[in-house]
Amino acid sequence: MAQIDSLPPLREVIAEHGLDARKSLGQNFLLDLNLTSRIARNAGPLEDCTVVEVGPGPGGLTRALLAEGAKKVIAIEKDSRCLPALKQISDHYDGRLEVIEGDALKFNPADLADGPIKIVANLPYNVGTQLLLGWLTMEEWPPFWSSLTLMFQKEVGERIVADTASKHYGRLGVLANWRCHTEILFDLNPKAFTPPPKVTSSVVQLLPREKPLDCPIRALEKVTAAAFGQRRKMLRQSLKSLAPDAEDRIVAAGLKPTSRAEEVDVAGFIALAHAFS
Ligand code: SAM
């Protein structure tokens, strides 16, 4: 296993601080420093930016980010048991790590740092999608972040990168690919984690498109929710609840009222958002 710094191995850190993993906090720790370094390298270069990490836990990925040269890491952790272990890392890396105790859902990372931000995280599975949607659907674009390098359950990763050709295509794929280039970088076997989760995980990267098609965001959220909420139904049925003249609006968007959500590409949904806004 790689020796990336002179801090104790993560298993020792976990034992010393009694960090037995809690399911309620989505705690599946990544202890292999080869893998955490691989994630950090894929997020790089890190020298000129602030990295925001959600859920550092015992600090495996945090250490890799710092060892890879991150100018500054700001880590938000909900579990106060992890704070002493993270303090050791902060001391070792000369204060380049700032730890915030709290719920990441309550923070806008844009308020935490000036200048370019990259978000890198092995996300807790129970709030990962919600956090991603928050970072994707802000009014301001280009966003405050220059890249997202995030670990999800593989099935969520497949939904993020999906287009109409994929059986995983849905609301998440539309919202992500409208504004970002998305890519699954690599998969991780459950055995890479302690404790192992039930499913394979994927590291996904999202890079903001410079000029995504202009679109009313809240209307896009509404039409994708309604259309994929009843994905097997024709649009004229699934969008009926949004407007009495839904069928006319679908035609105005250049689509067939008999199409189903999974046949409509991102540009089609943007046209629908305009027609229903
Ligand atoms: N980064 C570590 C690693 O890779 O081994 C831990 C990843 S673990 C999958 C998810 C981490 O997120 C845990 O440390 C957990 O306590 C933390 N967490 C869970 N919910 C959170 C929330 N709402 N806000 C901030 N951290 C949270």
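Everything numeric here is computed off the predicted structure, so don't read it as measured data.

(A) Examining the site of the ligand more closely. Close to the ligand lie 20 residues; Leu30, Gly55, Glu77, Asp103 and Asn122 are nearest. In the model, an oxygen atom of the ligand is placed 2.9 Å from a nitrogen or oxygen of the Gln27 side chain. At 3.4 Å from an oxygen atom of the ligand is found a main-chain nitrogen or oxygen belonging to Gly57. About the coverage of the ligand: the protein hides 99% of its 590 Å² of free accessible area. If you list the elements that add at least two residues to the shell around the ligand, you get strand S1 (29-30) and strand S3 (72-77). Among the residues forming the shell around the ligand, the class breakdown is 8 nonpolar, 7 polar and 5 charged.

(B) Up close: the packing of aromatic side chains. Counting across every chain of the model gives 3 aromatic pairs. Each ring, one from Tyr169 and one from Phe228, has its centre 5.6 Å from the other, and the planes form 85°; the classification is edge-to-face. Here the residue Tyr169 occupies a position in the loop between helix H6 (154-161) and helix H7 (171-179), and Phe228 occupies one in helix H8 (residues 217-229), the gap between them amounting to 59 residues. Judged by its relative accessible area of 10%, Phe228 falls in the buried class. One aromatic cluster is present, built from ring pairs that chain together Tyr169, Phe228 and Phe269. Here the basic side chain of Arg38 rests over the ring of Phe186, its NZ or CZ set 3.7 Å away from the ring centre. One cation-aromatic arrangement involves Arg249 over Phe276; the distance from NZ or CZ to the ring centre is 5.7 Å.

(C) Quick peek at the environment of Lys72. Within the element layout of this structure, Lys72 appears in strand S3. Residue Lys72 is classed as partly exposed on the basis of its relative accessible area of 25%. Separated by 79 residues in the primary sequence, Lys72 and Met151 have C-alpha atoms spaced 20 Å apart.

(D) Spatial organisation of the domain arrangement of the chain. Here the domain parsing of the chain yields domain 1 (10-208) and domain 2 (217-276). Domain 1 and domain 2 are separated by 33 Å when their C-alpha centres are compared. Counting the surface lost from both domain 1 and domain 2, the interface buries some 1,200 Å², and carbon and sulfur atoms represent 66% of this. Considering only the surface of domain 1 that becomes buried against domain 2, Tyr169, Arg171 and Trp178 emerge as the three largest contributors, covering 47% of it. Our count for the domain 1 to domain 2 interface comes out at 1 salt bridge. Close ionic contact of Glu139 with Arg218 constitutes a salt bridge, the shortest N to O distance being 3.7 Å. The interface formed by domain 1 and domain 2 includes 5 residue pairs in polar contact (both at pLDDT 80 or more). Partitioned by chemical class, the residues of the side of domain 1 that touches domain 2 number 5 nonpolar, 4 polar and 4 charged.

(E) Highlighting the sheet that holds strand S6 (residues 145-153). Spatially, the 7 strands line up as an open sheet ordered S4-S3-S2-S5-S6-S9-S7, and their pairing is mixed. Across the chains shown, the open sheet's two edge strands, defined by having one partner strand only, are strand S4 (97-101) and strand S7 (180-188). If you compare each strand with its neighbour and ignore which way they point, the axes differ by 20° on average. One ladder, built from 6 bridges, connects strand S5 (residues 117-122) with S6; its direction is parallel. Paired with Asn122 across the strands is Met151, a residue of S6. Here H6 sits on the sheet in contact with S6, S7 and strand S9 (201-208), set at roughly 140° to S6.

Calculation rules
- What you see as residue numbers is a count from 1 along each chain, following the sequence as written.
- Owing to the predicted nature of the model, reporting of local features is limited to residues with pLDDT of at least 70; listing and counting of side-chain atom pairs is limited to 80 or more, with chain, interface and lining totals taken over all residues.
- To obtain the side-chain values, all non-hydrogen atoms of the structure were included, while hydrogens and water were left out.
- We call a residue near a molecule or strand whenever a single non-hydrogen atom of that residue lies within 4 Å of it.
- Counted as a polar contact is a pair of N or O atoms within 3.5 Å, where, for protein atoms, one must be capable of donating a hydrogen and the other of accepting one, and residues adjacent in sequence contribute only when both atoms are in side chains.
- The method behind every accessible area is Shrake-Rupley, applied with a 1.4 Å probe, and residues are considered shielded solely by the protein chains displayed.
- Secondary structure counts use DSSP, requiring at least four H or I residues in a row for a helix and at least two E residues in a row for a strand, with both numbered from the N terminus.
- Throughout this entry, Asp, Glu, Lys and Arg are counted as charged residues, while Ala, Val, Leu, Ile, Met, Phe, Trp, Tyr, Cys and Pro are counted as nonpolar. The remaining residues, Gly among them, count as polar.
- Geometry of aromatic contacts follows a simple scheme: Phe, Tyr and Trp rings, the Trp one being its six-membered ring, pair when their centres are within 6.5 Å, and the pair is stacked under 30 degrees between planes, edge-to-face over 60, tilted otherwise.
- Note on exposure labels: buried denotes an accessible area under 20% of the residue type's maximum, exposed denotes more than 50%, and partly exposed covers the range between, all computed with a 1.4 Å probe on protein chains only.
- Whether a charge sits over a ring comes down to the Lys NZ or Arg CZ being within 6 Å of the ring centre and within 35 degrees of the ring normal.
- Source of the domain bounds: an automatic or database domain assignment.
- Put simply, buried area is how much 1.4 Å-probe accessible surface two parts lose in total, over both of them, once they are put together.
- Counted as salt bridges are all cases of a side-chain nitrogen of Lys or Arg within 4 Å of a carboxyl oxygen of Asp or Glu.
- A strand pair is defined by DSSP finding two or more bridges across the two strands.
- Angular values range over 0 to 180 degrees, each being the angle between N-to-C directions of two axes fitted as lines to C-alpha atoms, with helices fitted over their stretch in contact.
- Only heavy atoms enter the contact rule, under which two residues are in contact if any of them lie within 4.5 Å.

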